Amino acid sequence: MKKLFSLIILLCITLSYAQNLKNFTVPKGYTQITEVKGDLDKDGKDEVIIVFETDKKASENESYSGRKDYKRVFYILKKDQGIFKVWKENSTLLYSSGMGFYPDDNMLEVQVKNNCLIVNQQFFTNSRHTQFYKHTFRFQNGDFYLIGSHDHFNDTCDFDFANEINFSIGKVIVDREYSSCDDDTKVPENFHKEFIHKLPVLIKMNDFKIGEHKFRIPGLKEDFIF
C-alpha cells in the first residue's frame with residue numbers, strides 16, 4: 001500500500017512538472033541533424049533528443065571546403081498527452097558546423113545508454129591531427145550532470161594521447177603513446193598515469209564548455225584540461 005501511494009505521488013509530481021514545460025516547435029531556419037530516443041530519468045518512458053544546425057553564424061569564416069559556420073543546439077523532449085515539450089535545451093556543448101580542417105568529415109553522434117546521455121564529437125584540427133571527445137551526462141538531483149569525459153588527440157605519425165575521467169568515482173587516466181614516421185627520429189618514452197581526483201561539485205550540463213575546466217596532474221607541471 002505504501003509503495004502504491006509513493007507511486008501515485010511520483011506520477012502526480014511528474015504530470016505537474018510536464019504541464020509546466022513549454023511546447024516544442026522547430027525554430028524557423030533550423031535544420032535537423034539527428035534524432036535519438038531513450039529513457040533518461042528512469043520513468044519507463046523514452047525522451048527524444050533532437051540536434052539542430054541553427055541559422056545563427058558561429059563565425060564569419062568559411063571552411064576549406066567552403067562550408068559556412070553555424071551554431072548547433074540540441075533539445076531533450078518529453079511527450080505529454082501526445083505533445084512534445086522542452087525538458088532541456090543546450091547550446092554550449094556542440095561544436096559549430098564549420099569546426100576544424102575538414103568540416104564535411106566531422107562526426108557527431110548522440111546516444112542514450114544506461115539511462116545516460118552520451119555525446120561523441122570528432123574533427124580534424126589540421127591535415128594530420130584528429131580530435132575526439134566523448135561526454136557522458138546523467139540525470140540526478142533534478143538536473144543533468146557531467147559524469148564522464150574522454151579526450152583522444154591523435155597525430156598520424158607522432159603521437160596518440162588520451163585523457164579520461166570518471167567523475168562519479170574520480171578515477172583519472174592520462175595516456176600518451178609516441179611514434180614516428182621517420183626512422184631516424186628519437187621517439188619519447190610512452191607515459192601512463194592513473195590517479196583519483198574528485199570534484200567538490202559535479203558540473204551541470206548547461207554549465208559545461210569543452211576546454212574551460214582543469215586541474216593539476218599530480219607529479220607534473222601541467223593541467224588535465226576537460
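For the structure, see preceding data.
Conventions adopted
- Residues numbered from 1 in each chain as written.
- Predicted model: local features only at pLDDT ≥ 70, side-chain atom pairs only at ≥ 80, totals over all residues.
- Heavy atoms only, no water.
- Helix = DSSP H or I, 4+ residues; strand = E, 2+ residues; numbered from the N terminus.
- Buried < 20%, exposed > 50% of the residue type's maximum accessible area, 1.4 Å probe, protein only.
- Contact = heavy atoms within 4.5 Å.
- Areas by Shrake-Rupley, 256 points an atom, 1.4 Å probe, with all protein chains shown as cover.
- Salt bridge = Lys/Arg side-chain N within 4 Å of Asp/Glu carboxyl O.
- Pairing = 2+ DSSP bridges.
- Axes fitted to C-alpha atoms, helices over the stretch in contact; angles between N-to-C directions.

### Brief notes about the overall build of the protein chain
Now for step 1: Scanning the protein chain from N- to C-terminus turns up one helix and 13 strands.
Now for step 2: Listed N to C, the secondary structure of the protein chain is α-β-β-β-β-β-β-β-β-β-β-β-β-β in terms of helices and strands.
Now for step 3: Residues counted as buried form 38% of the 226 residues belonging to the protein chain.
Now for step 4: The contacts of the protein chain with a sequence gap of at least 6 include a subset with a gap of at least 24, amounting to 43%.
Now for step 5: Surface summary for the protein chain: the accessible area is close to 13800 Å², and the carbon and sulfur share equals 50%.

### Here's the deal with the pattern of salt bridges
Now for step 1: Applying the stated criterion to the full structure yields 13 salt bridges.
Now for step 2: With a shortest N-O distance of 3.6 Å, Asp43 and Lys78 are connected by a salt bridge. Of this pair, Asp43 sits in the loop between β1 (31–38) and β2 (47–62) while Lys78 sits in strand β3 (residues 68–80), and the two are 35 residues apart along the sequence.
Now for step 3: The exposure class of Asp43 is partly exposed, given its relative accessible area of 33%.
Now for step 4: Its salt-bridge partner being Asp223, residue Arg216 comes within 2.9 Å of it at the nearest N-O pair.
Now for step 5: For Asp223, a relative accessible area of 24% translates into the label partly exposed.

### Overview of the sheet that holds strand β7 (residues 129–140)
Now for step 1: Pairing is antiparallel across the open sheet formed by seven strands, whose spatial order is β5-β6-β7-β8-β9-β10-β11. In this open sheet, the two edge strands, each paired with only one partner strand, are β5 (107–113) and β11 (191–196). Taken over all neighbouring pairs, the strand axes of this sheet differ in orientation by 10° on average, direction set aside.
Now for step 2: When strand β9 (residues 159–166) meets strand β10 (residues 171–178), the two strands line up antiparallel, connected through eight bridges. By the bridge assignment, Asp160 is partnered in β10 with Glu177.

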